[in-house]
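A structural walkthrough
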Amino acid sequence: MSEADGQQSEIDLSDETPVLPAEYDVEHIIEVLEEADSPAQRARDDDITQALAQSKKDNDGLWADFKKNHLSDYLDWNEYPQYIKNKAKELEENEENPTTSDEPPTIPEPDELTYWNDVEEIIVERYDRQMLDVVEALLANALVLVFEDLGNAPMLFIEGASGSGKTTAIRTMEPRQDDELLVRMDSLTSASFVSHSTDQDVEGTNDVLPMVKHRLLSVRELSKLFSGDPEKITEFWSELAGVGDGNGNMKATGAQGRRGHRGDYMFAFQGATTPLGPVAWNAMGTIGGRVLFHEVPGDYDEAEMRRGYWDREGELSERTDECREVVLDFIRTMWHVETDGYASVDWRSNDSWMPDENVKKAIARFAHLIALARTPANREDGEWTVGTPESYWRLIDQLTHLCRARALFHGRQQITIEDVSLAARIALSTMPERRRPYVRWLMDPETAPGEAGGVKGEGTARLTDVIEYTGKSRGTVKTHLKLLDRLDLLSFWNDGEPDNERWMVSKCVDGDTEYGLCENERFEHVWDLGVEVPDRYYIEREL
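The paragraphs below set out a description of the structure included in this document. These numbers come from a predicted model, not from an experiment. (Residues numbered from 1 in each chain as written. Predicted model: local features only at pLDDT ≥ 70, side-chain atom pairs only at ≥ 80, totals over all residues. Heavy atoms only, no water.)

**Observations regarding the overall build of the protein chain**
- Scanning the protein chain for helices and strands turns up 20 helices and 14 strands.
- Scored against the burial criterion, the 543 residues of the protein chain give a buried share of 53%.
- A separation of at least 24 residues holds for 76% of the contacts in the protein chain among residues at least 6 apart in sequence.
- Carbon and sulfur atoms form 44% of the exposed surface of the protein chain, whose accessible area is close to 24,600 Å². (Helix = DSSP H or I, 4+ residues; strand = E, 2+ residues; numbered from the N terminus. Buried < 20%, exposed > 50% of the residue type's maximum accessible area, 1.4 Å probe, protein only. Contact = heavy atoms within 4.5 Å. Areas by Shrake-Rupley, 256 points an atom, 1.4 Å probe, with all protein chains shown as cover.)

**Remarks on the pattern of salt bridges**
- All told, the structure shown has 22 salt bridges when counted by the stated rule.
- Arginine 406 serves as the salt-bridge partner of aspartate 419, at 2.7 Å between the closest nitrogen and oxygen. Residue aspartate 419 is located in the loop between α16 (392–409) and α17 (420–427), and its partner arginine 406 is located in helix α16; the two are separated by 13 residues in the primary sequence.
- Residue classification places aspartate 419 among the buried residues on the basis of a relative accessible area of 0%.
- Each of the salt bridges in this network shares a partner with another, and the network as a whole consists of Asp133, Glu136, Arg406, Arg412, Asp419 and Arg425. (Salt bridge = Lys/Arg side-chain N within 4 Å of Asp/Glu carboxyl O.)

**Side note on the sheet that holds strand β7 (residues 292–296)**
- Reading across from one edge, β2-β3-β6-β1-β7 is the order of the five strands in this open sheet, with parallel pairing throughout. The sheet is open, and its two edges are formed by β2 (182–184) and β7, each paired on a single side. Each adjacent strand pair in this sheet contributes to an overall mean axis angle of 20°, direction not counted.
- The sheet contact formed by strand β1 (residues 155–160) and β7 spans five bridges and is parallel. Among the inter-strand pairings, glycine 160 is bridged to a residue of β7, identified as valine 296. (Pairing = 2+ DSSP bridges. Axes fitted to C-alpha atoms, helices over the stretch in contact; angles between N-to-C directions.)

**Notes on unusual backbone geometry**
- Positive phi is not limited to glycine here, since alanine 343 has a value of about 50°.
- Residue position: alanine 343 is located in the loop between α14 (316–338) and α15 (357–373).
- With a relative accessible area of 27%, alanine 343 lands in the partly exposed category.
- The phi angle at aspartate 488 is positive, at roughly 60°, despite the residue not being glycine.

**Section: empty space enclosed by the protein**
- Tallied over the full model, the rule gives two cavities of 30 Å³ or more.
- There is about 120 Å³ of room inside the largest cavity.
- Along the wall of the largest cavity there are 14 residues; nearest its centre are Asn152, Ala153, Pro154, Met155 and Gln398.
- Of all the secondary-structure elements, those providing two or more residues to the lining of the largest cavity are β1 and α16.
- Examining the composition of the lining of the largest cavity, we find that four residues originate from one element, α16, more than from any other.
- When the residues that make up the lining of the largest cavity are grouped by side-chain class, the tally is eight nonpolar, five polar and one charged.
- The computed volume of the second largest cavity comes to approximately 70 Å³.
- Taken together, Ile107, Met173, Pro175, Asp179, Leu181, Leu182, Leu216, Leu328, Ile331 and Arg332 make up the full set of residues lining the second largest cavity. (1 Å grid on protein atoms, 1.4 Å probe; cavity = no way out; pocket = protein on both sides within 12 Å on 5 of 7 lines; lining within 4 Å. Points joined across faces, edges and corners; volume = space filled by probe spheres on them. Nonpolar A, V, L, I, M, F, W, Y, C, P; charged D, E, K, R; others polar.)

**A short note on the environment of valine 208**
- Of note, valine 208 is situated in helix α10 (residues 208–211).
- In this structure the C-alpha to C-alpha distance between valine 208 and serine 192, which are 16 residues apart in sequence, comes to 5.7 Å.
- Here valine 208 is in contact with Met185, Leu188, Ser192, Phe193 and Leu217, once residues within four sequence places are set aside.

So, in structure tokens, the structure goes:
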């Protein structure tokens, strides 16, 4: 495929490598191989294999001449002919059954026009508002694909304990067989996106990246990817970073040469996992966070549990199927009626797209919170060592797109402060589980606002206040408040003597940052900007 045909070719040649002319022959191929540092590897690049495979398919003599008179000078006699045979077979199959992997998703028209109020009604009726929050986040993540100015693949993981309902939420998104927006994978590895496996009948046919192009990749259970060997965990995060800009991915090995996919390979990714451990969070931090999280809390009280299980009509599978039908029609309505599908919405074409200052400030503060709260950290000999926080500009971009999608749900092309409630829940979830109680104390509007760190006065709190709020032991709370102090999320200091400690906490840190959590040496609650405070599952009050 030529550059003009969409730049989806798997060729990735450097500027110094001779490229075959349109009218190729054996002499040109020999010239290219002899000028290469590794003729055997160069012979596997797509321009040569394409020429030889096309010749074999057309039986025009080029492949026969090369195989008989020159093959043994550069390549393994037994392995390469089979490789060319497979490529020729691929060409024949593509002519008979043209591939649709580079085509936009073929999503059916909705059976019935369905809008957000319809989704809200069925989810709340058949489950509850907590499930509605999760479904809203998943739908926003998927429908970010309608925006034309994406710079990063939207990725959202639903996190919760076993039995919390995270898989049920994912299942409401899974379509009938004739829908192509969602591509379900029950397992995934770091090599899945672009494989170098030698047992593929046709090179690249098992790659996940072209399968999910312009689509939603969905993996119900991601937990096994984030446990075990730290190197494998880091490898997976690195692979996500490699494909996360939506521009494809190229790889190279000595055995298989250079191959992969370049061009517009934007996709969305959703998955479910149990809470990640410190190794997984630290590994993610080393390559730059690209994934956002939405928690499914598992702390229902008895009345809610009884209402959720005994007072709902129908078996779980029946309720899920009912919700799925409505959710799928909602996706189809958004894809076909409210937009024109992938990359069809030019947000800035609307003169009134720019949100007001409170919206911009709120999103920036939540991005700032995520960047600090998930910074990698290690504790040794009682002291915390923390890494460098990620830049929050990408986080602003990610949260803004999710809020845009929510605005589209409600028929708007401008983000309002109501849409930022989604960013709030994600911000309070996108951090290691053990840090959440203390960050939520920090963000709770009912706890003391706090003055500049190190200054005792109105607004400071005591260590015992945080112990009472979180229900954790004194040692555990003290350890984690020291961490949040090192992360510049709050100030924690001993206002007494070494032998008579009096630990104090302030929500503010010394110094201000643009759109940070503190202004004028005072902690500024983002909720004062008009953002709805999430329910008690996210801000732990009156438990």
